[in-house]
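# Topology and contacts: notes
Each chain, letter by letter, is given below.
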Amino acid sequence: MVKFITAKEATHFFKNGQTVMIGGFLNCGNPQDVITEILKTNLKDFTLIANDTATPEDSRGKLVVAHKIKKAIVSHIGTNQETVRQYNAKEIEVDLQPQGTLAERIRAAGAGLGGILTPVGLNTLVAENKQIITVDNKQYLLETPLKADVAIIYATYADKFGNLAFHGSTKNFNVLMPMAADVVIVEAENISEQPLSPDNIVVPGIFVDYMIKKENNGTD
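Residues numbered from 1 in each chain as written. Predicted model: local features only at pLDDT ≥ 70, side-chain atom pairs only at ≥ 80, totals over all residues. Heavy atoms only, no water.

The next thing to look at is the pairing of strand E5 (residues 93-96). Inspection of the sheet shows strand E4 (residues 69-74) paired to E5 by four bridges, in the parallel sense. By the bridge assignment for E5, alanine 72 is matched with valine 94. Between the parallel pair E4 and E5, the chain is carried across by helix H4 (residues 81-88), and the sense of this crossover is right-handed. (Pairing = 2+ DSSP bridges. Helix = DSSP H or I, 4+ residues; strand = E, 2+ residues; numbered from the N terminus. Right-handed = clockwise from strand over helix to strand, strands pointing away.)

Structure follows, in structure tokens:
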């Protein structure tokens, strides 16, 4: 059974310089409450793994604005002009990944794989300093796994055992990240004392360490 904590208590699991995964896709399915509490602390120099840096006024974007992100491994930054500004000013490092590659690198870490082989990025800047492997006379880039010290994710539904379910596209990266982090913290909109139906469970509770009853409804 998972341990229930507050968003403020969740900040105790973070340290300067950690690699942190944060679920969400732009403003959909974001763990807002923990981010709000992190903004009140002196924590900084995170390496962020996420789909994007959202917008300046929302979720992950607020961490960028507060200069708490040292490096962002994401699929795009165009919706957050502050990320672009900091990148051009060399205040933040950005590692842009093809979206599918980013997802599969996270999945590879969770599955204990040594990486994935993909043709995406061959003969482009994406291939710089990466190993090329030939299989059946076809070339692929070796993309290594992405793992985090802490993952913060969102869930629409949860039970007290930590099992999670999602509404619509809020699944996004929230489904991939729990297997790829040492500590997993979930913000859930609805928490049931009764077990979720096995047919509805998307993320089993074995991958969840701590749970928070989400207070900030935000833009999920």
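With that settled, consider the sheet that holds strand E6 (residues 116-118). Read from one edge to the other, the open sheet built from three strands follows the order E6-E8-E7, with strand pairing classed as antiparallel. On the outer flanks of this sheet lie E6 and strand E7 (132-135), each paired with one strand and no other. Going across the sheet, the axis of each strand differs from the next one's by a mean of 45 degrees, ignoring polarity. Sheet analysis places E7 next to strand E8 (residues 138-143), joined by four bridges and oriented antiparallel. Residue pairing for E8: threonine 134 is matched across the bridge by glutamine 139. Of the strands in this sheet, E6 and E8 are in contact with helix H5 (residues 99-111), which crosses E6 at around 160 degrees. (Axes fitted to C-alpha atoms, helices over the stretch in contact; angles between N-to-C directions. Contact = heavy atoms within 4.5 Å.)

The end-to-end C-alpha distance of H5, which contains 13 residues, comes to 19 Å, matching closely the 18 Å that a straight helix rising 1.5 Å per residue would cover. Turning to H5, its buried residues number three or more, namely Thr101, Leu102, Ala103, Arg105, Ile106, Ala108, Ala109 and Gly110. Two residues or fewer after H5 comes glycine 112, characterised by a positive phi angle close to 75 degrees. (Expected span 1.5 Å × (residues − 1). Buried < 20%, exposed > 50% of the residue type's maximum accessible area, 1.4 Å probe, protein only.)

All right, on to unusual backbone geometry then. Phi at serine 59 takes a positive value of approximately 40 degrees, unusual for a residue other than glycine. With respect to the helices and strands, serine 59 occurs in helix H3 (residues 59-65). Among the residues examined, serine 59 registers a relative accessible area of 0% and is labelled buried.

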